[in-house]
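Secondary and tertiary structure notes
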Amino acid sequence: MYKFIFTLILFISFSVQAQEVEKWNLQKCVDFALEHNTSIQQNQIQGEIISNNLKQAQLSRIPSLSGSGNHNYNIGRFIDPSTNTFNTSTIQSNSFSLGSGVLLYGGSQVNNTIKQTQMASEANAKGNEVLRNQIALSVATTYLQILQAEENLKVANQQLELSKSQLERAAKLEKAGSANQSMALNLLAQVANDKVSIINAQNSIQIAYNTIMNLMQLPLDQPFEIEIMEMGSLPEVASESASSLYEQALNNLPEIQQAEMQ
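Residues numbered from 1 in each chain as written. Predicted model: local features only at pLDDT ≥ 70, side-chain atom pairs only at ≥ 80, totals over all residues. Heavy atoms only, no water.

1. Some thoughts on unusual backbone geometry
Backbone geometry at Gln217 places phi at a positive 60°, although glycine is not the residue there. Note that Gln217 resides in the loop between helix H5 (181-215) and strand E4 (225-226). (Helix = DSSP H or I, 4+ residues; strand = E, 2+ residues; numbered from the N terminus.)

Structure, rendered in structure tokens:
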């Protein structure tokens, strides 16, 4: 009997370990979102359409060539002009045609169409960069919101324990006649407020998790948990001037380049 209970406990413990949710770090969340986000996929499909339009515009320079052929049967009665009598006969006929065309001058319409489509293709590529940057930033921001909410939950739990201990001490002092009832009531209200803070922190965590899972196109009922990182030292502040940073943004941000192309 004891062996059976021991085996059952081991089996349950192994099952729980096997069902532990894999924790996602920030890089994995960003990579997954960039690979599966529907907005990026839609933009890529639009890029393929523009690429096909570009090929079609380039092929319009080539002369066109077309051909056709027909074979007809005519069965019926007709008057033979030599004998002036009705005859029944089957007549077969063939016809063939071949045509070719080339645009000699179209007001540079073909060249301008090709340039326009090429620019649209480049703008679409920049638009894809814009989307990827926006999604990566949204995932990173939401990831940090989860970390902040988790930290707020820890602080709220610690504050609740502190308030409870103070309430117990105030109740003992009141019983001993060393404190009035108002102190205990204030601490009781503080305990209630601390519980509300815990609920708010838990709600913030759940909302942030729903947001990041939507960005990653994950089902909301799928087990998902991020890796809680320790907050390290803050990065150094950039030493460049505001005008220098502005010039770098104008030269490097895909949003600016996309707007200029459009």
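2. Considerations on the packing of aromatic side chains
Applying the stated rule across the entire model yields three aromatic pairs. On the numbers, 5.3 Å between centres and 85° between planes, the contact of Trp24 with Phe32 is edge-to-face. By relative accessible area, which is 9% here, Trp24 ends up buried. Aromatic rings pair up to connect Trp24, Phe32, Tyr209 and Phe224 into one cluster. (Phe/Tyr/Trp six-rings, centres within 6.5 Å; stacked < 30°, edge-to-face > 60°. Buried < 20%, exposed > 50% of the residue type's maximum accessible area, 1.4 Å probe, protein only.)

3. Here we look at the packing of helix H6 (residues 242-252) against helix H7 (residues 254-261)
Packing of H6 against H7 brings their axes to within 5 Å, and their N-to-C directions diverge by 55°. Here H6 lies oblique to H7, going by the angle between them. On H7, the residues that touch Ala249, Leu250, Asn251 and Asn252 of H6 are Pro254, Ile256 and Gln257. Classifying every residue of the contact of H6 with H7 gives four nonpolar, three polar and no charged. (Axes fitted to C-alpha atoms, helices over the stretch in contact; angles between N-to-C directions. Parallel < 35°, antiparallel > 145°, perpendicular 65-115°, else oblique. Contact = heavy atoms within 4.5 Å. Nonpolar A, V, L, I, M, F, W, Y, C, P; charged D, E, K, R; others polar.)

4. A look at H5
In a regular helix each residue adds 1.5 Å, so 35 residues correspond to 51 Å; H5 covers 52 Å between its end C-alpha atoms and thus fits that length. Listed in full, the buried residues belonging to H5 are Ala184, Leu187, Val191, Asp194, Ile198, Ala201, Ile205, Ala208, Tyr209, Ile212, Met213 and Leu215. Just downstream of H5, Gln217 is the residue with a positive phi angle, here 60°. (Expected span 1.5 Å × (residues − 1).)

5. Some points on the nonpolar core
Grouped together as the largest cluster of nonpolar side chains are 32 residues, with contacts concentrated most on Cys29, Val139, Ile212, Met216, Phe224 and Ile226. In this structure Cys29 touches Trp24, Val139, Tyr143, Ile212, Met216 and Phe224, once residues within four positions along its chain are discounted. (Core = buried A, V, L, I, M, F, W, Y, C linked by side-chain atoms within 4.5 Å.)

6. Description of the confidence of the model for the protein chain
The predicted model of the protein chain has a mean per-residue pLDDT of 80, with 83% of residues at 70 or higher. Predicted confidence in the protein chain is weakest over helix H1 (residues 2-18), with a mean pLDDT of 47, and strongest over helix H2 (residues 26-36), with 91. Low confidence marks residues 8-18, where pLDDT is under 50. Its contacts with residues over four positions away, or in another chain, come to zero contacts. (pLDDT = per-residue confidence, 0-100.)

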